[in-house]
Amino acid sequence: MDLAYTDEEEEFRARLRKWLARALPTLGPKPPPGDWPGRRAYDTGWQRRLYDAGYGDVHWGASPTTRLIFLEETERAGAPYVGANFVGLLHAGPTIAAEGTAAQRERWLTPVLRGDEVWCQGFSEPGAGSDLAALRTRAVRDGDTYVVSGSKIWTSHAEVADWCELLVRTEPVSAEVPRHRGITWLAMPMDTPGITVRPLRTLAGSTEFAEMFLDDVRVPVGNRVGEENDGWRVTMVTLSFERGTAFVGEVVACRRVLGELAAHARGTGRWDDAVLRRELGCLAAEFGALWRLIQRNVSEAQAAGGVPGVGGSVFKLRYSHARQRLYDVAARVLGGAGALDVGQQWTLDRLSSLSYTIAAGTSQIQRDIVAERILGLPRGK
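Cut-offs applied
- Residues numbered from 1 in each chain as written.
- Predicted model: local features only at pLDDT ≥ 70, side-chain atom pairs only at ≥ 80, totals over all residues.
- Heavy atoms only, no water.
- Helix = DSSP H or I, 4+ residues; strand = E, 2+ residues; numbered from the N terminus.
- Buried < 20%, exposed > 50% of the residue type's maximum accessible area, 1.4 Å probe, protein only.
- Contact = heavy atoms within 4.5 Å.
- Areas by Shrake-Rupley, 256 points an atom, 1.4 Å probe, with all protein chains shown as cover.
- Phe/Tyr/Trp six-rings, centres within 6.5 Å; stacked < 30°, edge-to-face > 60°.
- Axes fitted to C-alpha atoms, helices over the stretch in contact; angles between N-to-C directions.
- Parallel < 35°, antiparallel > 145°, perpendicular 65-115°, else oblique.
- Left-handed = near helix turned anticlockwise from the far one by under 90°.
- Nonpolar A, V, L, I, M, F, W, Y, C, P; charged D, E, K, R; others polar.
- Lys, Arg positive; Asp, Glu negative; His and termini not counted.
- Salt bridge = Lys/Arg side-chain N within 4 Å of Asp/Glu carboxyl O.
- Expected span 1.5 Å × (residues − 1).
- Arc of directions from axis to C-beta.
- Core = buried A, V, L, I, M, F, W, Y, C linked by side-chain atoms within 4.5 Å.
- Domains from an automatic or database assignment.
- Polar contact = N/O pair within 3.5 Å; in protein donor to acceptor, adjacent residues only side chain to side chain.

**Q** I'd like a description of the overall build of the chain, backed by residues and values.
**A** On a plain count of helices and strands, the chain comes out with 11 helices and 8 strands. Across the 381 residues in the chain, those meeting the buried criterion constitute 51%. Of all intrachain contacts in the chain linking residues separated by at least 6 positions in sequence, the fraction that spans at least 24 positions is 74%. For the chain, the accessible area works out to roughly 17600 Å², and carbon and sulfur atoms hold 52% of it.

**Q** How would you summarise the packing of aromatic side chains if you had to cite specific residues and measurements?
**A** Overall, the coordinates contain 10 aromatic pairs when judged by the stated rule. Look at Phe12 and Tyr55: their rings are 5.8 Å apart centre to centre, the planes differ by 70 degrees, and that puts the pair in the edge-to-face class. Remark: Tyr55 occurs in the loop between α2 (36-52) and α3 (64-76) and Phe12 occurs in helix α1 (residues 7-23); sequence separation between them is 43 residues. Each member of the pair, Phe12 as well as Tyr55, is classed as buried. Relative to Tyr55, the ring of Trp19 lies with its centre 5.6 Å away and its plane at 50 degrees, an arrangement referred to as tilted. Separated by 36 residues along the polypeptide, Trp19 in helix α1 and Tyr55 in the loop between α2 and α3 bring together distant segments of the chain. We note that Trp19, like Tyr55, is buried. Put simply, the rings of Phe12, Trp19, Trp46 and Tyr55 pair up and form one aromatic cluster.

**Q** Provide a residue-level description of unusual backbone geometry, including the pertinent values.
**A** In this structure, His157 is a non-glycine residue whose phi angle is positive, near 60 degrees. If you trace the backbone, His157 turns up in the loop between β3 (145-152) and β4 (163-169). At Asp216, a residue that is not glycine, the phi angle is positive and equals roughly 55 degrees. Within the fold, Asp216 resides in strand β7 (residues 209-220).

**Q** Tell me about the packing of α1 against α2, and please be specific about residues and values.
**A** Where α1 meets α2, the closest approach of the two axes is 12 Å, and the angle between their N-to-C directions is 135 degrees. Here α1 is positioned oblique relative to α2, judged by the angle of their axes. Relative to α2, α1 is oriented so that their crossing is right-handed. Across the interface between the two elements, Trp19, Leu20 and Ala23 of α1 pack against Trp46, Arg49 and Leu50 of α2. For the contact of α1 with α2, the class distribution of residues is 5 nonpolar, no polar and 1 charged.

**Q** Could you give an account of the side chain of Glu9, naming the residues involved and the relevant values?
**A** Structurally, Glu9 is set in helix α1. Despite its burial, Glu9 remains without a salt bridge, the nearest opposite charge being carried by Arg13 at 7.5 Å.

**Q** Outline α1, listing residues and values.
**A** The end-to-end C-alpha separation of α1 is 24 Å, in line with the 24 Å expected for 17 residues at 1.5 Å each. Within the sequence span of α1, burial applies to Glu9, Phe12, Arg13, Leu16, Trp19, Leu20 and Ala23. The buried side chains of α1 occupy one side of the element, clustering within an arc of 135 degrees when seen end-on. Opposite its buried face, α1 presents the exposed residues Asp7, Lys18, Ala21 and Arg22, each directed more than 90 degrees away.

**Q** Describe the nonpolar core, listing the residues and the values that go with them.
**A** By size, the foremost hydrophobic cluster in this structure holds 42 residues, and its most contacted members are Phe287, Tyr319 and Leu326. For this core, the element with the most residues is helix α9 (residues 311-340), which contributes 9 residues. Two domains share this core, each providing at least three of its residues, namely domain 1 (7-113) and domain 3 (243-374). What Tyr319 contacts, discounting residues up to four positions off in sequence, is Phe247, Glu250, Val251, Cys254, Phe287, Leu290 and Tyr356.

**Q** Any chance you could break down the side chain of Arg13 for me, citing the residues and the numbers?
**A** Structurally, Arg13 is set in helix α1. You can call Arg13 buried: its relative accessible area is 7%. Only 3.2 Å separates the side chain of Arg13 from the side chain of Glu72, close enough to count as a polar contact. Of note is the side chain of Arg13, whose polar atom sits 2.6 Å from the side chain of Glu73. Contact partners of Arg13, with chain neighbours within four places excluded, come to Tyr5, Ile69, Glu72 and Glu73.

What follows is the structure, encoded as structure tokens:
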């Protein structure tokens, strides 16, 4: 497996660096936390600039290696992350590109790439989080529409979204229909009557998640991606993107944070602590290995036609715990002021890190995937 970049890929990197150097100084300030309409305008405005400059389709229109370079360089330059565009660019968009019809790709992909439309994710439910196949939101076929009733939770960016990637049950579980069957993937317009969105406040004080209630919401059958009752397979495509390349920029950011912590420790005398130096060194090795794992996964995805494989679960498992250890060490390096002042970005990032072993599939779920799909171990009873 060749992990080196080609001349063409390095030329792409150089062009991107030059464009970022010109574009970023003209970017306005980011809206304050909690201003999600303002954040939507900020994030979609940046996405439109990327689109106009020829970088809009990098998340699924380019090769996985080009996508890796893009995420690496934009993070290093301090460019805005996808923000409110997260679901559209990194979940729904790649899924529709891989599984949608020609008409669906034409309708939904370009508006996401231009920053015209924002998507949210309607997967988890109060009784179906990591055990996603236990979802109960039902959709009953009525002519050319599905009538959807139920509720979702942890719906990312629902209050500012135009569309929702929605999982519904179209066939009840029975002796003949196991839980993983009977699930269908729909694209639901968020302005449809019958939808109620209630923002949820996280430990860090943000409201990017919401609970969503669906009361006889009518979704056109033409908005179904994949076949009816084949939504679990389509969902695995979605989650492979979520666990495969969606965290690339964050690994680059963690390596930068690690360097800042080492510099701070040297300047404050904490570097004399041999145990702390060892922990920083172990984290440097861990994030270096994670970066190489990303490159391996990207190379495999490129060979497989662009869809990440189950290796993304290995990455997600290791990265989640490494990020938590990083911010545990950060609390020791920075001391009480950096660890306890909730107004500090360090503290917000540390609080956010606690969710990583739960979000995008818990660590227990990732271990099951690794055990069954990579190691070939038998399923638990």
